[in-house]
Each structure stands twice: as C-alpha cells, then as structure tokens.
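# Understanding the architecture of this molecule
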Amino acid sequence: METNQNRHSKLDAFRGMDVTWLLDQWAERQPDKTFVVWAPFDGAERRWSYAELSADARRFAAGLHARGVGAGDFVLMHLDNSPDFLTAWFACAYLGAAPVTTNTRSVAENVRYFTDVMKPVCAVTQPSFAKMVRDACGEATTMIVTGDPTTDGDAEALGAEPFAAVFADAPLPVLPRDPERNFAIQFTSGTTSRPKPTVWTNANALWGGKSMSMNMRLRREDVTLIYMPLFHANAQITLLSALWSGGMVVVHPKFSASRFWETCAAPGVTWVS
C-alpha cells in the first residue's frame, strides 16, 4: 500500500508544474519551432509552432470561459484526430477544466451513458456526430462543432456553434500551478462491466510524458508520428512525451498501411508508438 509520504514525494517532483506550464515554457524557449504538423492524406498540410498552438489554445479557452466553462468543469470531446482536438484539449487545461475524451466508435447508448455520468457543461464534436451528441447531452449543454455548422443544416438546427467562432481575445482566470488538479478523463473499455471514468491529474500527465521520453531517450530533434486515436491514452502519452522533450509531432487522421513509410520519411519521423 502506498503511504501518504510516498505519494507526496512523487508529487514533489512536479511541484509548481502542470501541463500548461510545460507548453508555456517551450513556447517561451523556442517559440518558432514547429510543434504540430497536421498531415491529412488528402488536403494541405498545416503547421503550428509552440507559440502558435499555445496562443490558439489560450484564445479558445477564453471563448469557452465566456460560455461558462471554468475550473473543475467537464467538457465532452467526441472527436476524431484533427488539429481542433489538440486546440480544445490544451484549452481545457488552461481553464482547469477536464476534457472527457470518448471513443468515436461508441454507439449512441454509450455516449448517453458518458454524459449521464460526467454531466459535461460543454461538448465539442464534429458534424457527423453532432446529432448523437446533442441527443446525449440535452438542449441545455453548449455544443461546439468543428468545420462550419452554418453550411451544415443538421448542425445548425441542433443549436451548435462553429469551432472557429469560439476563439476570443480576453484574459483567462489565473490558476495556481497545481499538479493535483484534474487534467483529463477517459472511460475504461467496459469489457467486464459498464465503462468507468478514470482521472488523470496534471501530475499523472507529466509523469507519463517524462517517463516515456526518458525511456525512449527523446530529444528536441526527434519527430514523433501519431496515428493512434487522440481520444486514447496511447496517443495522449505519446503527445506528452514529445511535449516533454520539446520535439515535433506529426498527426495523421488514422493509420494507413499503404502510406505509412512514405508519410514517415517525408517529415523525418524518428519514432512511433
């Protein structure tokens, strides 16, 4: 059994730190270095430097805060891999809200169960899931949809706001750097009973990034490929490992066997999980 002394000694390793501290210190030290490359199989590649992703996440956080999202709240994120996923994920961290990242292969009954358990104040999703998420969350929940709901009749009819409309230039509430604050929620797979929500604190997230980057001996020169779903722990720890080491991340929409080696070689990928 872990004693309180052992538990606090582990937390001491991250005293004064949280995930946004990690992003901010790299944004200050290497603001122009590319952090994220979105590499879709069809369409143009997009890049964000450390400073740009930090700024976008802060501006999205300001928009969420204006819509009533604050520290301790839960935000449902039912999204496939996309740059918007990363923006919203880090934005929640800047507010002290916890994103609940759910499996996009879930059926409507499971999505309704997730929302019943977590009672999110806001949901971020994509047009293909908008109706299912609205039905699960109810009319009172703020819903944000990626893309442009004004050109999607179903999303507009559901009262969804466009993702791009949320960004705002406003100050954020000042949060202490608390490694024990909730960082994110994921549900178990539910193989033996109903899925259960599992909580990552900021310390959990930092430890995952630090330990993996040390085990893999990652450096700022490394380029990480992520094709696993961002809603899952594998991709999130892989991302945090690259963030801890100050490297670059290439994100694919999903795994493609036929395009794997070509898409690794072009950006000079050095490791992949």
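Residues numbered from 1 in each chain as written. Predicted model: local features only at pLDDT ≥ 70, side-chain atom pairs only at ≥ 80, totals over all residues. Heavy atoms only, no water.

## A short note on the overall build of the protein
- Looking only at helices and strands, one finds 10 helices and 12 strands in the protein.
- Relative to the compact-globule value of 19 Å for 273 residues, the protein shows a C-alpha radius of gyration of 18 Å, a close match.
- Along the first, second and third principal axes, the C-alpha atoms of the protein reach 50 × 50 × 45 Å.
- Across the 273 residues in the protein, those meeting the buried criterion constitute 52%.
- In the protein, the proportion of contacts linking residues at least 24 apart, taken out of those at least 6 apart, comes to 69%.
- On the protein, roughly 13000 Å² of surface is accessible, and the fraction owed to carbon and sulfur atoms is 52%.
- If you average the places of the 25 positive and of the 28 negative side-chain charges in the protein, the two averages end up 7 Å apart. (Helix = DSSP H or I, 4+ residues; strand = E, 2+ residues; numbered from the N terminus. Rg over C-alpha atoms; globule rule 2.2 N^0.38 Å. Buried < 20%, exposed > 50% of the residue type's maximum accessible area, 1.4 Å probe, protein only. Contact = heavy atoms within 4.5 Å. Areas by Shrake-Rupley, 256 points an atom, 1.4 Å probe, with all protein chains shown as cover. Lys, Arg positive; Asp, Glu negative; His and termini not counted. Charge placed at Lys NZ, Arg CZ, Asp CG, Glu CD.)

## Quick word on the side chain of Asp24
- Assignment of secondary structure puts Asp24 in helix H2 (residues 19-29).
- A residue is classified by how much of its surface remains accessible, and Asp24, at 15% relative accessible area, is buried.
- Those residues in contact with Asp24 that lie beyond four places of it in its chain are Ser54, Arg58, Tyr94 and Arg177.

## Considerations on the pattern of salt bridges
- The full count for this structure, using the stated rule, is nine salt bridges.
- In this structure, Arg58 engages Asp24 in a salt bridge whose closest nitrogen and oxygen atoms are separated by 3.0 Å. Placement of Arg58 in helix H3 (residues 50-66) and of Asp24 in helix H2 is noted, with a sequence separation of 34 residues between them.
- For Arg58, a relative accessible area of 35% gives the class partly exposed.
- The partner of Arg219 in a salt bridge is Glu221, with the nearest N and O atoms 3.5 Å apart.
- With relative accessibility at 58%, the residue Glu221 sits in the exposed group.
- A single network of salt bridges, built from pairs that share partners, joins Asp18, Asp24, Arg58, Arg177 and Arg181. (Salt bridge = Lys/Arg side-chain N within 4 Å of Asp/Glu carboxyl O.)

## Brief notes about the nonpolar core
- Grouped together as the largest cluster of nonpolar side chains are 55 residues, with contacts concentrated most on Phe35, Leu64, Trp89, Phe90 and Leu243.
- It is helix H4 (residues 83-95) that provides the largest number of residues to this core, a total of 10 residues.
- For Leu64, the contacting residues outside a window of four places in its chain are Val69, Ala91, Leu95, Cys122, Ile144 and Val166.
- Core analysis: the second largest hydrophobic core is formed by 20 residues, Leu76, Ala123, Met132 and Leu158 among them. (Core = buried A, V, L, I, M, F, W, Y, C linked by side-chain atoms within 4.5 Å.)

## Observations concerning the packing of helix H8 (residues 202-215) against helix H9 (residues 233-245)
- Where H8 contacts H9, the two axes come as close as 7 Å, and the packing angle between them is 75°. The orientation of H8 relative to H9 falls into the category roughly perpendicular. Residues Ala205, Leu206, Gly208, Gly209, Lys210, Met212 and Ser213 of H8 form the contact with H9, whose participating residues are Ile237, Leu240, Ser241, Trp244 and Ser245.
- Grouping the constituent residues of the contact of H8 with H9 by class yields six nonpolar, five polar and one charged. (Axes fitted to C-alpha atoms, helices over the stretch in contact; angles between N-to-C directions. Parallel < 35°, antiparallel > 145°, perpendicular 65-115°, else oblique. Nonpolar A, V, L, I, M, F, W, Y, C, P; charged D, E, K, R; others polar.)

## Things to note about the environment of Thr104
- Within the secondary structure layout, Thr104 lies in the loop between strand S4 (98-101) and helix H5 (108-118).
- Since its relative accessible area comes to 10%, Thr104 is described here as buried.
- Thr104 sits 26 residues away from His78 along the chain, and the two C-alpha atoms are 6.0 Å apart.
- In terms of polar contacts, Thr104 uses its side chain to reach the side chain of Asp80, at 2.6 Å. (Polar contact = N/O pair within 3.5 Å; in protein donor to acceptor, adjacent residues only side chain to side chain.)

## Focus on the sheet that holds strand S2 (residues 46-49)
- Overall, mixed pairing links the five strands, which are arranged S2-S1-S11-S10-S12 in an open sheet. If you trace the sheet from one side to the other, it starts and ends with S2 and strand S12 (271-272), each paired once.
- Of the pairings in the sheet, the one linking strand S1 (residues 34-38) to strand S11 (residues 248-251) comprises three bridges and is parallel in character. Counted as the bridge partner of Val37 is Val250 from S11.
- In this fold H3 packs onto S1 and S2, with an angle of close to 90° to the strand it touches most, S2.
- Docked against the sheet, H4 engages S1, S2 and S11, running at close to 140° with respect to S1. (Pairing = 2+ DSSP bridges.)

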